[in-house]
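Coordinate inspection notes
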Amino acid sequence: MKSQSQLIAKFGDPYKDRLGFERKWMVLWVVPANIRAAIPCMPAKIYLNKLILVPLEKTLRKLIEAGLHEEIKTWDGCFNIRSKRGSSGISLHSWGIAVDLNAATNPFRGKVTWSASFLKVWRDIGWICGADWSVNSKDGMHFQWEYI
Ligand SMILES: [Zn+2]
């Protein structure tokens with residue numbers, strides 16, 4: 001995984017220069033109607049880092065193609081400047097390169113309800129799945145993008 005200093009070197013520090021970071025990296029993605037039709041919990045627009053726009057759309061389309069999209073019950077956010085859960089580091093949500101799904105049923109340090117096939121689609125495209133983390137940092141709701 002990328003270190004915090006690597007992420008700051010790439011994107012800047014959103015705590016110190018939020019506006020500069022947002023101007024350079026953040027975009028408003030209008031979620032295509034056919035994705036929203038298949039996954040009704042998806043918002044109409046998602047404010048995200050432009051680096052994850054293509055992989056996120058590709059992942060959602062692959063899930064739909066494979067009939068795995070029905071596992072997604074709630075969209076629980078992307079961009080949010082905050083520290084990591086259970087640690088003092090900067091959360092990858094602070095750079096808009098992580099998304100949370102089904103937070104209520106896949107809580108931090110709790111159980112993971114995703115099927116193996118669902119998680120494989122994310123991994124194969126290049127996401128790091130919080131579901132794969134060790135018990136103290138397990139975060140089933142969380143998917144992060146580190147091809148930066
Ligand atoms: Zn998360």
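Report follows, based on the coordinates. (Residues numbered from 1 in each chain as written. Predicted model: local features only at pLDDT ≥ 70, side-chain atom pairs only at ≥ 80, totals over all residues.)

Overview of the sheet that holds strand 3 (residues 98-100)
- With respect to topology, three strands assemble into an open sheet ordered 3-5-4, the strand pairing being antiparallel. Lying at the two open borders of the sheet, with one neighbouring strand each, are strand 3 and strand 4 (127-129). In this sheet, neighbouring strand axes are inclined to one another by 20° on average, regardless of whether the strands run parallel or antiparallel.
- Contacting strand 4 and strand 5 (142-145), helix 5 (residues 116-125) crosses the sheet at an angle of about 140° to strand 4. (Pairing = 2+ DSSP bridges. Helix = DSSP H or I, 4+ residues; strand = E, 2+ residues; numbered from the N terminus. Axes fitted to C-alpha atoms, helices over the stretch in contact; angles between N-to-C directions. Contact = placed C-beta atoms within 7 Å.)

A few points about the nonpolar core
- Counting 25 residues, the largest nonpolar core has Ile 97, Ala 98, Val 99 and Phe 143 as its most contacted members.
- Contributing elements (two or more residues each) for this core: helix 1 (4-11), strand 2 (45-49), helix 4 (50-65), strand 3, helix 5, strand 4 and strand 5.
- No other element matches helix 4, which puts four residues into this core.
- Apart from residues lying up to four places away in sequence, Phe 143 is in contact with Ala 98, Val 99, Trp 122, Trp 127 and Cys 129. (Core = buried A, V, L, I, M, F, W, Y, C linked by C-beta atoms within 7 Å. Buried ≥ 20, exposed ≤ 12 C-beta atoms within 10 Å, placed from the backbone.)

A word on unusual backbone geometry
- Residues other than glycine seldom take positive phi values, yet Asn 102 does so here, at roughly 50°.
- Note that Asn 102 resides in the loop between strand 3 and helix 5.
- One non-glycine residue, Arg 109, adopts positive backbone phi at about 60°.
- By the element assignment, Arg 109 lies in the loop between strand 3 and helix 5.
- Taking the C-beta count within 10 Å as the criterion, Arg 109 has 13 such neighbours and is therefore assigned partly exposed.

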